[in-house]
Amino acid sequence: MASYRPKTTLEQWRILQAVVDHGGYAQAAAALNKSQSAMNHAVAKLQDSLGVELLEVVGRKAQLTDCGAVMLRRSRQLTVLVTELEQLAENLKQGWEPEITLAIEMVCDRRQLLPVLSEFQQQSRGSRLTLLDSVLTGSEEAITEQSADLVITHQVPRGYVGEPIGSYQLRLVVAADHPLAQLPQPLSPEQLSQALQIVIRDTARHPNENQGWLKAEQRWTVTSFNEALQLVEAGIGFCWLPPFITRQSDTLVELSLRGSSHRAGLIYVVQPKNEKTGPCARLLYDLLVSKLTNS
């Protein structure tokens, strides 16, 4: 089968777009630094090649025909794709990653990250960003196995360094009508161990089962804080939850635990690949550090 040979060129479509965008041949010629006759010739050749009238002169002004409006709209998609393709080639030449992964420990309030991610999107050169939830040893695993380009975590494994960008807090909560809420405070660990605890599933492939729970005889495991919140609100069990989750509810009470009223600490951003971190991931790292440590 003979290969298809295009009848038109990208330059012809760009000239057509310029004529429309700048309101005429003369204005487009000035904007593109071309002669008006070259602009007229390019559009005329484009129309002849297609066998379709794209522009018609009404008075002294060239206007799009109905067919021209459809073709112009599709041509803009074409020129955007070509621009992105050329930018991708330049990015790859510079070692710029086409895609990066950011793992975020679930205790981090993602709303604090939104301004940073918005700025990153404007500077990312079209690189795709994958956001992953990580919990407990899942965060450590993302670092030690370098399965993410950046990791936001509250615990940095030995041998790695992290830059503090914020803090987290977890509070022990139950529904107001839960039996634990009726007991004198502070509670002992033994009293808690008799009730059902809601825990968040560790995202590691080989989780450390000793983290994040209180050795309760009964425990239910869920995949997110929002799922845990629903179960706690229903009076089913108790859970350690961050304030940005519990403030969604007005039916919870905070328990006081003997020797441990709450859990708190710093949140760090880590570059698992160290000096091998690519320029796009480094851009996001620098934005996280500069924007969040100064906020």
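Here's a quick rundown of the structure. (Residues numbered from 1 in each chain as written. Predicted model: local features only at pLDDT ≥ 70, side-chain atom pairs only at ≥ 80, totals over all residues. Heavy atoms only, no water.)

### Section: the overall build of the chain
How we decide: Helix and strand assignments come from DSSP, with helices taken as H or I runs of at least 4 residues and strands as E runs of at least 2, each series counted from the N terminus. Just to be clear, the radius of gyration here is over C-alpha atoms, and the globule rule we use is 2.2 Å times residues to the power 0.38. When a residue's accessible area, from a 1.4 Å probe over protein chains only, is under 20% of the maximum for its type it is buried; when over 50% it is exposed; and in between it is partly exposed.
Assigned secondary structure in the chain consists of 10 helices and 11 strands. What you see for the chain is a C-alpha radius of gyration of 29 Å, clearly larger than the 19 Å of a compact globule of 295 residues, by over 25%. Projecting the C-alpha coordinates of the chain onto the three principal axes gives extents of approximately 90 × 50 × 45 Å. Per-residue burial over the chain gives 41% buried out of 295 residues.

### A closer look at the pairing of strand 2 (residues 61-64)
Each regular strand shows side chains that alternate between the opposite faces of the sheet. To be explicit about the condition: Two strands pair under a simple rule: DSSP has to find at least two bridges between them.
The pairing of strand 1 (residues 55-58) with strand 2 spans 4 bridges and is antiparallel. Opposite Val-57, over in strand 2, you have Ala-62 as the bridge partner. Between strand 1 and the antiparallel strand that follows it, strand 2, lie 2 residues; Gly-59 among them carries a positive phi value of about 70°.

### Description of the environment of Gln-146
Put simply, the test is: Whether two residues touch is decided by their heavy atoms; if any such pair falls within 4.5 Å, the residues are in contact. Throughout this description, a polar contact denotes any pair of N or O atoms lying within 3.5 Å of each other; where both atoms belong to protein, one of them has to be capable of donating a hydrogen while the other can accept it, and for residues adjacent in sequence the pair is counted only when both atoms sit in side chains.
Position of Gln-146 among the secondary structure elements: in the loop between helix 6 (137-144) and strand 5 (150-153). The class for Gln-146 is partly exposed, based on a relative accessible area of 39%. Contacts of Gln-146, omitting those with residues within four sequence positions, involve Glu-141, Pro-272 and Lys-273. A polar side-chain atom of Gln-146 sits 3.4 Å from the main-chain carbonyl oxygen of Pro-272.

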